[in-house]
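Each chain, written out:
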Amino acid sequence: VSYASTMFKSQKFAEAGQSLHFAYQREPRPIFLFNAGQAYRKGERYSEAKAAYSEFLQVAPDHRLASEARGYVATLTALLEQRERSQQIEMALSDQKAESERAKQLSEENRAKAEANRAKAEQAEKALADEQTKQKKFYRRPWFWGLVGAGVVLGGSIAAGVLIAGAQRKTDATVAATFQF
């Protein structure tokens, strides 16, 4: 009991409560349970405090401190229920936040994948266009039609030259036959 008193004065409330509980087990005096409840309550160990006060009320329902203990039990019950609700709300919010983060991460991953796929598609289209350009049939290339055009002009010039030369010879032969000396 003196150890419990020293711990209580040193504000080591959990240790004081445990010491008083052990003291009650050795010497079952109800005041030890009430004081254990007080120590646990001051140390914010509300479940242990409620249990100590409840046990005190079971063994000494007519004690002069029983009504005070009932008030503490009611207060601690409400406090523990409020804590439980707060923890549930915090967990729900935490779960929602985690789900939101996962959705955001998936969205970012999907966006990155879409961009990578778009880049790959553009790269594939460019490679296909390059390959098609390399494999164009020769008659679809501009240089081929330039050569054909030059050949037509050259061929036409030669044919015109031959025709003109043939006509010139005919004219020369006619003139020579007419002017025979």
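For the structure itself, consult the block above.
Sequence order as written defines the numbering, with residues in each chain counted from 1. Reporting in this predicted model follows two pLDDT cut-offs: at least 70 for local features of residues, and 80 or more for side-chain atom pairs to be given and counted; totals over whole chains, interfaces and linings ignore these cut-offs and use all residues. Heavy atoms from the whole structure form the basis of all side-chain values; hydrogens and water molecules are not counted.

Just give me the short version of the packing of helix α2 (residues 13-26) against helix α3 (residues 30-42), but keep the residues and values in it.
Across the interface, α2 lies against α3 with an axial gap of 8 Å and an inter-helix angle of 165°. Classified by the interaxial angle, the pair formed by α2 and α3 is roughly antiparallel. Of the two possible hands of crossing, α2 and α3 adopt the one that is left-handed. Of the residues in α3, those in contact with Phe13, Ala14, Ala16, Gly17, Gln18, Leu20, His21, Ala23 and Tyr24 of α2 are Pro30, Phe32, Leu33, Asn35, Ala36, Ala39, Tyr40 and Lys42. The residue makeup of the contact of α2 with α3, split by class, is 12 nonpolar, 4 polar and 1 charged. For helices, the fitted axis covers only the stretch in contact; all axes are lines through C-alpha atoms, and the angles between them, taken along N-to-C directions, range from 0 to 180 degrees. Helix and strand definitions follow DSSP, with helices as H or I runs of at least four residues and strands as E runs of at least two, each counted in order from the N terminus. Orientation categories follow fixed angle ranges, with anything under 35 degrees roughly parallel, anything over 145 roughly antiparallel, 65 to 115 roughly perpendicular, and all other angles oblique. By definition, any crossing whose near helix is turned counterclockwise from its far helix by less than a right angle is left-handed, and any crossing with a clockwise turn is right-handed. By definition in these notes, contact holds between two residues if any of their heavy atoms fall within 4.5 Å. Just so you know the grouping, Ala, Val, Leu, Ile, Met, Phe, Trp, Tyr, Cys and Pro go in nonpolar, Asp, Glu, Lys and Arg go in charged, and all remaining residues, Gly too, go in polar.

So what about a nonpolar patch on the surface? Which residues, and what values?
Nonpolar side chains (Val, Leu, Ile, Met, Phe, Trp, Tyr) within 5 Å and like charges within 9 Å form the patches, drawn only from residues with over 30% relative accessible area and no salt bridge. Residue-level accessible areas treat just the shown protein chains as cover; the underlying method is Shrake-Rupley with a 1.4 Å probe. Here a salt bridge means any side-chain nitrogen of Lys or Arg lying within 4 Å of a carboxyl oxygen belonging to Asp or Glu. On the surface, a nonpolar cluster with roughly 300 Å² of combined accessible area is contributed by Trp145, Val148 and Val152. By the element assignment, Val152 lies in helix α6 (residues 142-178).

With reference to specific residues and values, describe α3.
Along an α-helix, a turn takes 3.6 residues, which lines up residues three or four apart on a common side. Between its terminal C-alpha atoms α3 stretches 19 Å, which fits the 18 Å expected from 13 residues at 1.5 Å a residue. We call a residue buried when its accessible area falls under 20% of the maximum for its residue type, exposed when it is over 50%, and partly exposed in between, using a 1.4 Å probe and counting protein chains only. Listing the buried residues of α3 in full gives Phe32, Leu33, Phe34, Ala36, Gly37, Gln38, Ala39 and Tyr40. Downstream of α3 by one or two residues, Glu44 has phi in the positive range, about 60°. An expected span of 1.5 Å times one less than the residue number is assigned to each helix.

I'd like a rundown of the pattern of salt bridges, residues and numbers included.
In total, this model carries 3 salt bridges according to the counting rule given. Residues Arg45 and Glu48 are paired through a salt bridge, measuring 2.9 Å at the closest nitrogen-oxygen approach. In this structure, Glu99 engages Arg102 in a salt bridge whose closest nitrogen and oxygen atoms are separated by 2.8 Å. Within this pair, Glu99 and its partner Arg102 are both found in helix α5 (residues 66-134), separated by 3 residues, close to a single helical turn. Exposure remark for Glu99: the relative accessible area of 45% places this residue in the partly exposed category. Judged by its relative accessible area of 45%, Arg102 falls in the partly exposed class.

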